[in-house]
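Spelled out from the first residue to the last, the chains are:
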Amino acid sequence: MKNVAIAGATGAVGAEFLKLLELRKFPINNLKLLASERSVGKKLEFCGEHITVEELTKNSFQGVDLVFFSAGKERSKEFIPHAVDAGAVVIDNSSAFRLHPDVPLVVPEINPQMVFKHKGIIANPNCSTIQMVVALNPLHQAATIKRVVVSTYQSTSGAGSKGMRELLNQTQAWLNDKPLEVSAFPTQIAFNLFPHVDVFLENGYTREEMKMVNETHKIMDAPEIGISATCVRVPVLRAHSEAVWIETEQKLSREDAREILKKAPGIIVKDEPVDGGYPTPWEASETFETFVGRIREDFSHPKGLTFWVVADQLNKGAALNSIQIAEVLTTG
Ligand SMILES: NC(=O)c1ccc[n+]([C@@H]2O[C@H](COP(=O)([O-])OP(=O)(O)OC[C@H]3O[C@@H](n4cnc5c(N)ncnc54)[C@H](OP(=O)(O)O)[C@@H]3O)[C@@H](O)[C@H]2O)c1
């Protein structure tokens, strides 16, 4: 049994931590809930108890063994070193430490052994990256991927609870003939989409797109794979979708790819060329697996394969993956 804290307990990812720690019966002695001073005194339910939210400070971690951290990158940078100094192991959902050479970046279906190399911090990868690598890795093991081109269709909850609220508020405003307010996103999201997730970098890609490149290289230990991503925000509340194209060294037939993916951990193949015979974000919402469909050989390239990947990014892309990491850590 462990003394556990959730930093960012009142957020979109924090809410999933509370649900999933209970659902998976994670062994907890005492649970501490931390957020900003705005949330101090709020009560959140866990296993039938109402726990009072406390302010996240550098002194929050005395006596805490394990911290699930989802309070944003700046808070991760500021407070995680204090948690580590206090003797806690931290599983961080932000990008603050993901590419640090001493910090394992873990997707338990792919590199669980890295968990044991931690020096106090284990990083949970970017949500779009996790669901992509869950599908890429078994194909890479079978046929060696040389190149990946991916386009994402990312839900509004990827930007936290304010992102979900903005889609609902704009939709309601439009239905009531009111002006649409834009605050969480760079432009209108209701009845719209835009190819802009996170900030633009000097190379013309966005930071989210470069996370998909750099984090995939680290998790799969395959820096030689060429990767290009276009990340798009779409008016969906929950679960990210991705159209993925790969080139492999050995040719993969559609049937081979289907069989490999069916046997791979954490994946459900839904791949029938009929109405509804493919995964959608609506049906993937609040589920735990990574769904793959639309698997087909690329007729424009002899060793090309293309497919569609959908997963609930608040679960597999964040809280669930973090808890799976903690389960590896605690059960060995
Ligand atoms: N959303 C996703 O799909 C997703 C996926 C993977 C990773 N992540 C990462 O997970 C983290 C949380 O994301 P989210 O979507 O849950 O965001 P969110 O819904 O905006 O929640 C943010 C949380 O951080 C807390 N917080 C904000 N400012 C704080 C401060 N100054 N001091 C202490 N706590 C503070 C908030 O507390 P208050 O309620 O008191 O403001 C809230 O609990 C981010 O690093 C994000 O990049 C998110």
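As a starting point, this report considers the structure included with it. (Residues numbered from 1 in each chain as written. Predicted model: local features only at pLDDT ≥ 70, side-chain atom pairs only at ≥ 80, totals over all residues.)

**Concerning helix H3 (residues 127-143)**
An ideal rise of 1.5 Å per residue puts 24 Å on 17 residues; H3 measures up with 25 Å between its terminal C-alpha atoms. The principal kink in H3, of about 30 degrees, is found at Val133. Buried residues dominate H3, accounting for 15 of its 17 residues. Once H3 finishes, Thr144 follows within two positions and takes phi at roughly 55 degrees, a positive value. (Helix = DSSP H or I, 4+ residues; strand = E, 2+ residues; numbered from the N terminus. Expected span 1.5 Å × (residues − 1). Bend = angle between axes of the 7 residues up to and from the residue. Buried ≥ 20, exposed ≤ 12 C-beta atoms within 10 Å, placed from the backbone.)

**Points about the nonpolar core**
Counting 91 residues, the largest nonpolar core has Ala7, Val67, Val90, Ala135, Val292 and Val309 as its most contacted members. For this core, the leading source of residues is H3, giving nine residues. Residue assignment places this core across two domains, with domain 1 (2-125 + 318-331) and domain 2 (129-312) each supplying three or more. The contact partners of Val309, leaving out residues within four places of it in the chain, are Gln131, Met132, Ala135, Glu242, Val244, Thr290 and Val292. (Core = buried A, V, L, I, M, F, W, Y, C linked by C-beta atoms within 7 Å. Domains from an automatic or database assignment. Contact = placed C-beta atoms within 7 Å.)

**A word on the sheet that holds strand S10 (residues 240-248)**
The strands that make up a sheet are held in pairs by hydrogen bonds between backbone atoms, and each pair lies either parallel or antiparallel. Reading across from one edge, S9-S8-S10-S13-S12-S11 is the order of the six strands in this open sheet, with mixed pairing throughout. The outermost strands of the open sheet, each flanked by one partner alone, are strand S9 (226-233) and strand S11 (267-269). Pairwise comparison of adjacent strand axes, ignoring direction, gives a mean angle of 20 degrees for this sheet. Taken together, the eight bridges between strand S8 (residues 145-154) and S10 define a ladder with antiparallel strand orientation. By the bridge assignment, Val148 is partnered in S10 with Ile246. Across the face of the sheet, H3 comes into contact with S8, S9, S10, S11, strand S12 (290-297) and strand S13 (304-311) while running at roughly 25 degrees to S10. Its contacts with the sheet put helix H5 (residues 207-220) on S8 and S9, and the angle it makes with S9 is roughly 145 degrees. (Pairing = 2+ DSSP bridges. Axes fitted to C-alpha atoms, helices over the stretch in contact; angles between N-to-C directions.)

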